[in-house]
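The lines below spell out each chain.
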Amino acid sequence: MEDCLFCKIIKGEIPATKVYEDDDMVIFKDIDPKAKNHHLCVPKSHFKLLADMTETQGEMLLKCFKKIPTLVKELGLENGYRLVINQGDDAGQSVFHLHIHILSGQKMGWTPA
Ligand code: AMP
Ligand code: ZN
């Protein structure tokens, strides 16, 4: 999608510190970390909300959930982590391209749950 920040990162039009990429997803560091380690796992297909997701996009999202636990060393998650998906304004979603927050380590004032 043309005006989407994360689509631009996926296309390489905006820089990001990418730590993993394949045909289905990209994982990069959050620019404003809310925990000691804070990455975003972003499916490459653009959709705003879980409610908008097609079956194919759902398969892509499942691949994200299956990949994240295999990247514990690269993402610094050896001692545990939490996954967060904000859905809509009241959840504080600010980028409307669905993404999974991967948070690990000391909290820095952001308590999504
Ligand atoms: P959300 O509020 O759930 O939509 O999460 C959006 C996340 O994207 C926030 O944690 C932001 O800090 C992060 N973010 C915004 N712009 C960038 C960027 N250019 N590179 C990396 N992360 C970003
Ligand atoms: Zn997008």
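Above: the structure in question.
Treat the numbers as computed from the prediction; the structure is a model and nothing was measured. All residue numbers here refer to positions counted from 1 along the written sequence of the relevant chain. Chains carry letters from A onward and ligands carry numbers from 1 onward, assigned in written order. Local features in a predicted model are, by the rule used here, given only for residues with pLDDT of at least 70; side-chain atom pairs are given and counted only at 80 or more, and totals for whole chains, interfaces and linings are based on all residues. Working from all heavy atoms in the structure, the side-chain values ignore hydrogens and water.

1. Brief notes about the environment of Phe 96
(1) Moving on: Its place among the elements puts Phe 96 in the loop between strand S4 (82-84) and strand S5 (100-107).
(2) Moving on: Sequence spacing of Phe 96 and Lys 73 is 23 residues, and the spatial spacing of their C-alpha atoms is 29 Å.
(3) Moving on: In contact with Phe 96, other than residues within four places in its own chain, are His 46, Phe 47, Lys 48, Gly 88 and Asp 89. Put simply, DSSP marks the helices as runs of H or I at least four residues long and the strands as runs of E at least two long, and each gets a number from the N terminus on. Contacts are residue-level and defined by heavy atoms, with any inter-residue pair within 4.5 Å sufficient.

2. Some thoughts on the layout of surface pockets
(1) Moving on: Its volume calculated, the largest pocket comes out at about 370 Å³.
(2) Moving on: Whether a set of points on the 1 Å grid over the protein atoms alone is a cavity depends on a 1.4 Å probe fitting there but being unable to get out, while an open set qualifies as a pocket with protein on both sides within 12 Å along at least five of seven lines; lining residues are those with an atom within 4 Å of a point. Residue lining of the largest pocket: 21 residues in total, with Phe 6, Phe 28, Asp 30, Ile 31 and Leu 40 positioned closest to the centre.
(3) Moving on: When residues in the lining of the largest pocket are grouped by element, the largest group, three residues, is from helix H1 (residues 5-11). Grid points are joined across faces, edges and corners, and a volume is the space filled by probe spheres set on the points.

3. Section: the nonpolar core
(1) Moving on: Counting residues in hydrophobic clusters, the biggest one holds 14 residues, and the most contacted among them are Ile 27, Cys 41, Ile 68, Leu 75, Ile 100 and Ile 102.
(2) Moving on: For this core, the secondary-structure elements that each account for two or more residues are strand S2 (25-29), helix H2 (55-67) and S5.
(3) Moving on: Residues Phe 6, Cys 7, Ile 9 and Val 42 belong to the second largest nonpolar core, which totals 10 residues. In these notes, a set of buried Ala, Val, Leu, Ile, Met, Phe, Trp, Tyr and Cys residues joined through side-chain atoms within 4.5 Å is what counts as a nonpolar core. Exposure categories follow from relative accessible area, calculated using a 1.4 Å probe and restricted to protein chains: below 20% of the type maximum is buried, above 50% is exposed, and the middle band is partly exposed.

4. Some remarks on the coordination of the zinc ion (ligand 2)
(1) Moving on: Distances define the donors: N, O and S atoms within 2.8 Å of the metal qualify, as do those within 3.2 Å of Na, K or Ca. Water is excluded, so some sites may look unfinished. At 2.0 to 2.3 Å from the zinc ion (ligand 2) lie its protein donor atoms, namely Cys 4 (SG), Cys 7 (SG), His 46 (ND1) and His 97 (ND1).
(2) Moving on: Metal-centred angles of 105 to 116 degrees between the four donor atoms at the zinc ion (ligand 2) mark the site as tetrahedral.
(3) Moving on: Every donor residue of the zinc ion (ligand 2) comes from the same chain, spaced as C-x2-C-x38-H-x50-H. Placement of the pair is His 46 in the loop between strand S3 (35-43) and H2 and His 97 in the loop between S4 and S5, with a sequence separation of 51 residues.
(4) Moving on: A residue is classified by how much of its surface remains accessible, and His 97, at 0% relative accessible area, is buried. Any site counts as irregular unless it has four donors with all angles between 85 and 135 degrees, making it tetrahedral, or four or six donors with opposite ones more than 155 degrees apart and the rest between 65 and 115, making it square planar or octahedral.

5. Examining the site of ligand 1
(1) Moving on: In these notes, residues near a molecule or strand are those with any non-hydrogen atom within 4 Å of it. In the region of ligand 1, 17 residues are neighbours, and Asp 30, Asn 86, Ser 94, Val 95 and His 101 sit closest.
(2) Moving on: For the purposes of these results, a polar contact is taken to be a pair of N or O atoms within 3.5 Å, where, inside protein, one atom must be able to donate a hydrogen and its partner to accept one; residues adjacent in sequence count only when each atom of the pair is a side-chain atom. Between Asn 86 and ligand 1, the recorded distance is 2.8 Å, taken from a side-chain N or O atom to an oxygen atom.
(3) Moving on: One nitrogen or oxygen atom from the side chain of His 101 is found 2.8 Å from an oxygen atom belonging to ligand 1.
(4) Moving on: Mapped onto the shell around ligand 1, the elements with two or more residues apiece are H1 and S2.

6. A short note on H2
Given 3.6 residues per turn, any residue in an α-helix points the same way as the ones three and four places further on.
(1) Moving on: Helices are assigned an expected span. That span is 1.5 Å times one less than the residue count. Counted at 1.5 Å a residue, the expected span for H2 with its 13 residues is 18 Å, and the 18 Å between its end C-alpha atoms agrees.
(2) Moving on: For H2, every residue scored as buried is listed here: Gln 57, Met 60, Leu 61 and Cys 64. What you see down the axis of H2 is that its buried residues fit within an arc of 100 degrees, all on one side. Facing away from the buried side of H2 by over 90 degrees, the exposed positions are Glu 55, Thr 56, Glu 59, Leu 62 and Lys 66. This arc describes the spread of directions from the helix axis toward the C-beta atoms.

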